Amino acid sequence: MKIDRRLFANFDWVLLGLVLLISGIGILNLYSAGYNLNAGGEPFYTKQMSWILLGLVVMVITFSIDYHIIIRHAYLIYVVSLSLLLLVFFYGNITHGSQRWLLLYGFSFQPSELMKLAIIIVLARYFDDNMEREYRFGNLVVLLTIVGIPFFMIARQPDLGTAMFLMILFLSMAVFVGVGRKFLIYFTLGGLILAPLCWFFLKDYQRERILTFLNPERDPLGAGYHIIQSIIAIGSGGIWGKGFLKGTQTQLRFLPEQQTDFAFSVFAEEWGFGGVFALMFIFLMLILWGFKITRYSRDLPGALLAFGVTIFVFWGIFINVGMVVGIFPVVGIPLPFFSYGGSSMMILMIGAGLLMNVSMRRFILQP
Amino acid sequence: MFGNQDRLTNYDPGEFREKIRLIKWLVLLAFFILISRLWYLQVVKGDNLRQRSENNRIRIHEIKPLRGLIMDTHGNILVDNQSSFDISIIPEAAKNIEDVMNTLARLCGWGPDAIFCENVSLKSGRPFVPVRIGRNIGRDKLAIVETNSMDLPGVVVDVVPVREYIHGETMAHILGYVGDISTSELGGDAYSGYRSDDIVGKYGIEKYLDGYLKGERGGEQTEVDAAGRRLNVLGKTKSVSGHNVLLTIDADLQKICWDAFDEKAGTVIVMDPHTGSVMALINKPSFEPNLFNRGISGERWKKLTTNPLCPLQNRAVSGQYPPGSTYKLLVAAAALEEGLIKENTKIFCDGTYRMGDRTFRCWKKGGHGTIDLHRAIVESCDVYFYNLGEMLGVDKMAEYAAKFGFGYTTGIALPGEKEGLIPTKEWKLKKYGEPWQKGETTSLSIGQGFVLVTPVQLLRAYCAIANGGILYKPRLIKRIETVNGQVVRDFPPEIERNLPVSKKHIDVLKYALWGAVNEPHGTGGILKREEKDVCGKTGTAQVISLQENESDDIPYRFRDHALLVCFVPYKDPVIAVLVVVEHGGHGGSVSAPIARRIVDGYFNLKRKE
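Everything numeric here is computed off the predicted structure, so don't read it as measured data.

A few points about the overall build of chain B
(1) Moving on: Helix and strand counts for chain B come out as 22 helices and 23 strands.
(2) Moving on: Here chain B has a C-alpha radius of gyration of 37 Å; the compact-globule value for 609 residues is 25 Å, and the former is much larger.
(3) Moving on: A principal-axis box enclosing the C-alpha atoms of chain B has dimensions of 155 × 60 × 50 Å.
(4) Moving on: Put simply, chain B has 609 residues, and 51% of those count as buried.
(5) Moving on: Here the analysis covers contacts within chain B between residues at least 6 apart in sequence; of these, 71% occur between residues at least 24 apart.
(6) Moving on: Side-chain charges in chain B split into 78 positive and 74 negative, and the spacing between the mean points of these groups amounts to 2 Å.

With respect to the overall build of chain A
(1) Moving on: Counting its regular elements, chain A contains 15 helices and three strands.
(2) Moving on: Relative to the 2.2 N^0.38 estimate, which gives 21 Å for 367 residues, the radius of gyration of chain A is 21 Å and therefore close to what a compact globule would have.
(3) Moving on: If you line up chain A on its principal axes, its C-alpha atoms span 60 × 50 × 40 Å.
(4) Moving on: Among the 367 residues that make up chain A, the fraction classed as buried is 56%.
(5) Moving on: Of the roughly 15800 Å² of accessible surface on chain A, a fraction of 70% belongs to carbon and sulfur atoms.
(6) Moving on: Distance between charge centres in chain A, computed from 25 positive and 19 negative side chains, equals 6 Å.

With respect to the interface of chain A and chain B
(1) Moving on: Listed by partner, the interface residues are 63 residues for chain A and 40 residues for chain B.
(2) Moving on: The contact between chain A and chain B buries some 4700 Å² in all, and 70% of this surface belongs to carbon and sulfur atoms.
(3) Moving on: Viewed at the interface, chain B and chain A are joined by zero salt bridges.
(4) Moving on: The tally of links from chain A across to chain B stands at nine residue pairs in polar contact (both at pLDDT 80 or more).
(5) Moving on: Listed by contribution, the elements that provide at least two residues to the side of chain A that touches chain B are α4 (67–72), α6 (111–129), α8 (160–177), α11 (225–236), α12 (248–251), α13 (263–296) and α14 (300–324) of chain A.
(6) Moving on: For the side of chain A that touches chain B, the element with the highest residue contribution is α13 of chain A, accounting for 14 residues.
(7) Moving on: For the side of chain A that touches chain B, the class distribution of residues is 36 nonpolar, 16 polar and 11 charged.

What to know about the sheet that holds strand β1 (residues 58–63) of chain B
Residues and elements named next belong to chain B.
(1) Moving on: Strand order in this open sheet of three strands is β1-β8-β9, and the pairing throughout is antiparallel. The outermost strands of the open sheet, each flanked by one partner alone, are β1 and β9 (230–237). Between one strand axis and the next, the sheet turns by 25° as a mean value, whatever way the strands run.

A short note on a nonpolar patch on the surface
Residues and elements named next belong to chain A.
(1) Moving on: Nonpolar side chains collect at one region of the surface, where L194, L197, W199, F200, F201 and L211 lie side by side and expose about 670 Å² of accessible area between them.
(2) Moving on: Here the element with the most residues in the nonpolar patch is helix α9 (residues 181–201); it accounts for five residues.
(3) Moving on: Relative accessible area serves as the criterion here: at 31%, W199 is assigned to the partly exposed category.

Some points on the domain arrangement of chain B
Residue and element names in this part refer to chain B.
(1) Moving on: Split into domains, chain B comes out as domain 1 (61–247) and domain 2 (251–608).
(2) Moving on: Taken over C-alpha atoms, the centre of domain 1 sits 44 Å from the centre of domain 2.
(3) Moving on: In total, about 3200 Å² of surface goes out of reach between domain 1 and domain 2, with carbon and sulfur atoms giving 60% of it.
(4) Moving on: Taken together, domain 1 and domain 2 are joined by zero salt bridges.
(5) Moving on: Summed over the shared surface of domain 1 and domain 2, the number is 14 residue pairs in polar contact (both at pLDDT 80 or more).
(6) Moving on: At the level of secondary structure, the elements contributing two or more residues to the side of domain 1 that touches domain 2 comprise β3 (77–89), β4 (131–137), β5 (155–165), α7 (172–175), α9 (204–208) and β10 (244–247).
(7) Moving on: Among the elements that line the side of domain 1 that touches domain 2, the one with the most residues is β5, at five residues.

Some points on the sheet that holds strand β23 (residues 575–581) of chain B
Residue and element names in this part refer to chain B.
(1) Moving on: The sheet built from five strands is open, its strands ordered β12-β11-β23-β22-β21 with antiparallel pairing. Two strands in the sheet have a free side with no partner beyond their single neighbour: β12 (277–284) and β21 (535–541). Strand-to-strand twist across the sheet, computed as the mean angle between neighbouring axes with direction ignored, equals 10°.
(2) Moving on: Across seven bridges, β21 lies against strand β22 (residues 561–568) in antiparallel orientation. Counterpart to T540 in the pairing with β22 is A562.
(3) Moving on: Sheet strands in contact with helix α11 (residues 251–260) are β11 (266–272) and β12, and its direction is about 30° off that of β12.
(4) Moving on: Helix α21 (residues 503–518) rests against β21 and β22 of the sheet, and its axis sits at about 75° to β21.

Quick notes on the packing of aromatic side chains
(1) Moving on: Counting across every chain of the model gives 40 aromatic pairs over all chains.
(2) Moving on: Residues F165 of chain A and F312 of chain A carry aromatic rings whose centres are separated by 5.8 Å and whose planes lie at 70° to one another, so their mutual orientation is edge-to-face. One end of the pair, F165 of chain A, is in helix α8; the other, F312 of chain A, is in helix α14, with 147 residues separating them in the sequence. In this structure, F165 of chain A and F312 of chain A share a single accessibility class: buried.
(3) Moving on: Each ring, one from Y432 of chain B and one from F450 of chain B, has its centre 5.8 Å from the other, and the planes form 35°; the classification is tilted. Taken together, the positions of Y432 of chain B in helix α18 (residues 425–432) and F450 of chain B in the loop between α19 (438–444) and α20 (455–466) put the pair 18 residues apart, joining distant regions of the chain.
(4) Moving on: Assessed through its relative accessible area of 22%, F450 of chain B is described here as partly exposed.
(5) Moving on: Put simply, the rings of Y31, Y35, Y45, F244, F267, W271 and F338 of chain A pair up and form one aromatic cluster.
(6) Moving on: Cation over ring: K284 of chain B sits above W258 of chain B, and NZ or CZ is 4.4 Å from the ring centre.
(7) Moving on: Against the face of Y570 of chain B rests K510 of chain B, its NZ or CZ located 5.8 Å from the ring centre.

What to know about the nonpolar core
(1) Moving on: Counting residues in each nonpolar core, the largest one holds 127 residues, and the members touching the most others are F127 and M280 of chain A.
(2) Moving on: For F127 of chain A, the contacting residues outside a window of four places in its chain are Y135, L143, M173, A174, V177, V179, L300 and L304 of chain A.

Considering the confidence of the model for chain B
(1) Moving on: On average, chain B scores 86 in pLDDT, and the residues at 70 or more come to 93%.
(2) Moving on: Within the model, pLDDT remains below 50 along residues 1–9 of chain B, and this stretch shows 13 contacts once partners closer than five positions in the same chain are excluded.

A word on the packing of helix α5 (residues 97–108) of chain B against helix α6 (residues 139–147) of chain B
Residues and elements named next belong to chain B.
(1) Moving on: Relative orientation of the contacting elements α5 and α6 amounts to 130°, with a least axis distance of 10 Å. Considering the angle they form, α5 stands oblique to α6. As for how α5 packs across α6, the hand of that crossing is right-handed. Along its contact with α5, which presents L104, L107 and C108, the element α6 presents K141, I144 and V145.

Digging into the pattern of salt bridges
All names here are of chain B.
(1) Moving on: Applying the stated rule across the entire model yields 32 salt bridges over all chains.
(2) Moving on: For E185, the salt bridge is made with K202, and the minimal N-O distance between the two is 2.8 Å. Residue E185 is found in helix α8 (residues 183–187), and its partner K202 is found in the loop between β7 (199–201) and α9; the two are separated by 17 residues along the sequence.
(3) Moving on: With relative accessibility at 14%, the residue E185 sits in the buried group.
(4) Moving on: The partner of D262 in a salt bridge is R597, and the shortest N-O contact between them spans 3.0 Å. Here the residue D262 occupies a position in the loop between α11 and β11, and R597 occupies one in helix α22 (residues 587–608), the gap between them amounting to 335 residues.
(5) Moving on: What makes D262 exposed here is its relative accessible area of 51%.

Basis of the calculations
Residues numbered from 1 in each chain as written. Chains lettered and ligands numbered in written order. Predicted model: local features only at pLDDT ≥ 70, side-chain atom pairs only at ≥ 80, totals over all residues. Heavy atoms only, no water. Helix = DSSP H or I, 4+ residues; strand = E, 2+ residues; numbered from the N terminus. Rg over C-alpha atoms; globule rule 2.2 N^0.38 Å. Buried < 20%, exposed > 50% of the residue type's maximum accessible area, 1.4 Å probe, protein only. Contact = heavy atoms within 4.5 Å. Lys, Arg positive; Asp, Glu negative; His and termini not counted. Charge placed at Lys NZ, Arg CZ, Asp CG, Glu CD. Areas by Shrake-Rupley, 256 points an atom, 1.4 Å probe, with all protein chains shown as cover. Buried area = accessible area lost by both parts, 1.4 Å probe. Salt bridge = Lys/Arg side-chain N within 4 Å of Asp/Glu carboxyl O. Polar contact = N/O pair within 3.5 Å; in protein donor to acceptor, adjacent residues only side chain to side chain. Nonpolar A, V, L, I, M, F, W, Y, C, P; charged D, E, K, R; others polar. Pairing = 2+ DSSP bridges. Axes fitted to C-alpha atoms, helices over the stretch in contact; angles between N-to-C directions. Patch = residues over 30% accessible without salt bridge, like charges linked within 9 Å, V, L, I, M, F, W, Y side chains within 5 Å. Domains from an automatic or database assignment. Phe/Tyr/Trp six-rings, centres within 6.5 Å; stacked < 30°, edge-to-face > 60°. Lys NZ or Arg CZ within 6 Å of the ring centre and 35° of its normal. Core = buried A, V, L, I, M, F, W, Y, C linked by side-chain atoms within 4.5 Å. pLDDT = per-residue confidence, 0-100. Parallel < 35°, antiparallel > 145°, perpendicular 65-115°, else oblique. Left-handed = near helix turned anticlockwise from the far one by under 90°.

See the structure below:
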């Protein structure tokens, strides 16, 4: 395989820059979150650095392979991801009452993260193959099967947040390609009918989370504790923040899950509204840049891939920040490039690689 | 190379561009929502939430002050602070809480329930905050906990001061007791600045002087983490011990009174006639104040409150009795001052007295014959005073009663004091809607009927006679000092007024009181000492009026109260003693021996000094 030299001329430095900027701020933030944590072992921020470095390698590999080849192998990628989910089902590690992790050579890995990307790729392929004006019932059945299988497997772990996330990705892409109003109405109605039924299948802690979201003060030391402490942390940051390493909610450990789900709250406490505004601005730039790549991609599969990855990052930001500021229920969705997490960082780096892939190849006419 | 040329023809970027623009607006809206929310939390609610984060972080540990001591007039300690031991458990240090608790229960021989009674929130999520599991454990249990500390990880002992009432029930009504502040007290204005876990005086001096005794609490501000672990001390203020209180009470004399009073129910007060200082004050039955130290059991409390003899009542200030014959002195003083009689005015007593259609009797059948004022007081002739009462009238008697300090509280430093009752025509009309009857004046002139006095009122009125006419405010507190002995407040004797009785007439009355003890046929003969120096007057307070010859073998609760007031010596009195024996029957026979023992005891004490 020969790599065109022109690819490097078109390399998307802006995208790389934005990703590295956010990851860099994330590392700084993880340093603060772990500053007063004297639980031996390697600190989170150095581990995260390793993940980012590894992620960059994976990113390079991803953009080196023409995305058309990736699209061609979409179903293979999908089946492999499904198989891994199945493995989790049988051999997964149980932590906090749910079975999400796969142990590989001492590394734990979350196949549900991989599934998010696989769904984007497989949907890009499917919509590319069936770019029709009017989607029929048959299409709906196929699409629902493609998304439904991983949805239920992940919901069973149980990880309802990630399962719903797949559904949201699917809907976003369906809207994007324009599946038709009727299709969406059917889907929404079906969802509304199924939602109350789902309530009965939810585990107690999941119901608790939803009730707690509706009223965090109903159990301030129990289920509501996370969200109350997060709001206190964010709000107490004020306009200019308490200063790096000086967030009392963080350093005295009132704030839970500081490395992962609530990493944004750590940042908000120490850097205040000013810092948060800047960070949100960088995130917005990233999203808008992703849309620019989508707009200028030279073919449909490229546009679908670019859009899928961008909307994936967008929903990650919207849901995670919405959750820590108390406008969404607590679901375990990490903040892209910012929260600690190996699997998540790898997948996001591959996603960024895909975006670059599309971006770099927009001017290159296929021979 | 990749050969997908035909697909390119299907691709219409224009359509997607439109969609992207729309989606871009939606994304901008989403970011706007998040930023607005962040603005709301960090800028609008920022100060409020910062305060909440400070509340999370900063704990204030209270340092309780030591309560002031209470001492008698010579500085002997009456109320002390002793150490009591509470045990707490630090969940983090205990590791397995249940194991530790079981071990503790086994070692101390407690039932499994006894120890969990205050186990409120062991799972509060603050594993470094001690949780109290037992209150006021004895020294024996303390020894067990200390020696087995290796097997009881996380169990800590807190030393908590508790009040020790050294003289137990003998001084319970003076000193009172303390307890946890109640919700109703917390709500009242009198207790502003108090907190819900404060110990406050509930009764007696403990209550009356709570503001001086309690001291000022100190505090320590510490930074804690989410687990409740104390990280560093941010600030500290020391607690200030409460002030010490010196009373006018003499602990030895108090003991003498306690031992001398051998009846079921009643009160004794000993006062210094020259200052109004209360030297001793006892009530029987009494209660054990040390039981109240760390919360009295409901059963014991019920027993105290339902006892028909009311052990919690401080009869000396809140008991109200008809003064009986002791009131005659006031009637005599009023008649003399008003010029209605002279000291040698003679009245004939044939044992009966007619008022309207009623016949009143003298206590002595057949009467006293023709007697003067002196003999009338000495022999306590009722008919003589029936006549004086008629001359004076009810309202004149009330006027003098007020000047002798009856009918309103004396202001003694004890809670719960009563006013007594001095009837007037107006009062009767108001209260009963009926006019005053002449016969009621007749009863009133020998201290029966509506009139009610408290023992402390009666005694200070007699003190005023004894000291030549000065009515003092009863004085119970001598001085309040800081722990280092600096005087915070001095309480000198306070004169309330001078009696509206001339020196000459006071001498007449005083001499008559001497006569009542030392002359033949005197009603207080039992009090007569070798020195012939006691002056006194007995009184019988009717509980219900009885027909003649009916006074033996009547039920206890209907028997008359026996009163006695005396002072010694005649010339320059140093003590005045009042004895009330509830349902003791006739004054002289029951209360006089008690007073006699107290007077003798007092002089023995003096001799020893």
